[in-house]
Amino acid sequence: MNSIIPSANYYHVYIYLCLFIVLFTFLHALVLKISDTKNIIYINAVGYFLLFFFIILIGQREITSRYGFGDTANYYKAFKAFSLGEPIKDTRDLGWDIFMKISATIVTAHTFFTICAFLYIYPLYKISKQLFQEYWYYCFFAFIVSFSFYTYGVNGVRNGVAASLFLWGLAYRDNKVIMALFFILGAMFHKTIMLPVLAYLLTYVYNNPKFYLKGWFICIPLSLAMGSFWISLFASLGFDGRLSGYLAGGAGGDAPSFRWDFLFHSFFAVFAGWYFIYKKNFKDDFYNQLLNTYLICNGFWVLVIRANFSNRFAYLSWFMMAIVIFYPLLKQPLFKNHHLMLAKILVAYFSFTFLMYFVYYS
């Protein structure tokens, strides 16, 4: 893969391939019903192509490249040390270190990163397939074109894998033992996944979306008025050494500005949840749990939005955006020309990712 696609062009390949497929999917929606056999054949063929293509593309990237692969070099450094016999010293994310240590003794670095890509992408397929059967492609593709997808495939690898393990667990929500095992494994890979895990468990106690929607909106003025207070408060809890350090770095006078662009992005899922539940009268207890989990995690991020590297906190909710937005659309027809509306929403959802590409990556 490295010889076929130069590292400098990786993100270009990702973004323009997604653009082509988004537009082609939109054209299908113009002329075919969602249940049409031709459409089913198309979405399954494209869906499986994307599944295998991105596992290979991301997994076989150039390890030492200087082109936008972030922490890949640091992961490789740790992998190399383990392969030379270095013992596990840091037990904060023991599951990840054990996984890396075992991998380093039996496979090459490229195989290790391909396994990571599988653990990152396959759960997105698994939960989409489990929830939406023959229409799984739409949710899976929405995951792929999400703003945070590429970054957490090649940079924040451990966090991305941990979040996907959480989603994999949700695919077994009817089997609480298996679900709990995936949740525990995700938290062992990255402790911060405890936030969505605890948020999801809280929805078993109270699952009223109106309450959590109000709470999310209240977080905005609280953050504007008392941003430093919340950053200092959460940093003092010491739930994770690295992230506490990021928080502490944003607690003083040099804290970054309020990220209205990222808040706007987060609002997509908030608006979708409100619209489907209260305007379209969509009733589904599991969807309420998904939405409320998102609102809790994103509300936490809104409170600390001025922290350095606050996108690392935002990802604890952003990885759920696709399923929060597209779940109702794939469960029942909510519009007169439902397939076309689904495609339009997919285009709009991808548009943020595509426009941010020109802002941040061009």
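What counts and how
- Residues numbered from 1 in each chain as written.
- Predicted model: local features only at pLDDT ≥ 70, side-chain atom pairs only at ≥ 80, totals over all residues.
- Heavy atoms only, no water.
- Helix = DSSP H or I, 4+ residues; strand = E, 2+ residues; numbered from the N terminus.
- Buried < 20%, exposed > 50% of the residue type's maximum accessible area, 1.4 Å probe, protein only.
- Contact = heavy atoms within 4.5 Å.
- Areas by Shrake-Rupley, 256 points an atom, 1.4 Å probe, with all protein chains shown as cover.
- Lys, Arg positive; Asp, Glu negative; His and termini not counted.
- Charge placed at Lys NZ, Arg CZ, Asp CG, Glu CD.
- Core = buried A, V, L, I, M, F, W, Y, C linked by side-chain atoms within 4.5 Å.
- Patch = residues over 30% accessible without salt bridge, like charges linked within 9 Å, V, L, I, M, F, W, Y side chains within 5 Å.
- Salt bridge = Lys/Arg side-chain N within 4 Å of Asp/Glu carboxyl O.

**Observations concerning the overall build of the chain**
Part 1 of the argument: When helices and strands are counted, the chain shows 17 helices and 0 strands.
Part 2 of the argument: Counting the 362 residues in the chain, one finds 54% classified as buried.
Part 3 of the argument: Sequence separation of 24 or more characterises 78% of the internal contacts of the chain that already satisfy a separation of 6 or more.
Part 4 of the argument: For the chain, the accessible area works out to roughly 15,500 Å², and carbon and sulfur atoms hold 66% of it.
Part 5 of the argument: Charged side chains in the chain number 27 positive and 14 negative. The centres of these two groups are separated by 6 Å.

**A word on the nonpolar core**
In summary, soluble globular proteins display a tendency toward joint burial of nonpolar side chains.
Part 1 of the argument: Ranked by size, the top nonpolar core spans 131 residues in total, and within it F54, F141 and F166 carry the most contacts.
Part 2 of the argument: Among the elements that make up this core, the one with the highest residue count is helix α5 (residues 109-132) (13 residues).
Part 3 of the argument: Setting aside residues up to four positions removed in sequence, F166 forms contacts with F183, I193, P196, V197, Y200, T293, F319 and M320.

**Focus: a nonpolar patch on the surface**
Part 1 of the argument: Side chains of L94, I98, I102, I106, V177, L181, I184 and M188 sit close together on the surface and give an oily, nonpolar patch of about 740 Å² of accessible area.
Part 2 of the argument: Contributing elements (two or more residues each) for the nonpolar patch: α4 (94-106) and α9 (176-189).
Part 3 of the argument: Among the secondary structure elements, I98 is positioned in helix α4.
Part 4 of the argument: Note on I98: relative accessible area 35%, which makes it partly exposed.

**Things to note about the side chain of S223**
Part 1 of the argument: Within the fold, S223 resides in helix α11 (residues 209-237).
Part 2 of the argument: Contact partners of S223, with chain neighbours within four places excluded, come to W230, F258, V302, L303, I305 and R306.

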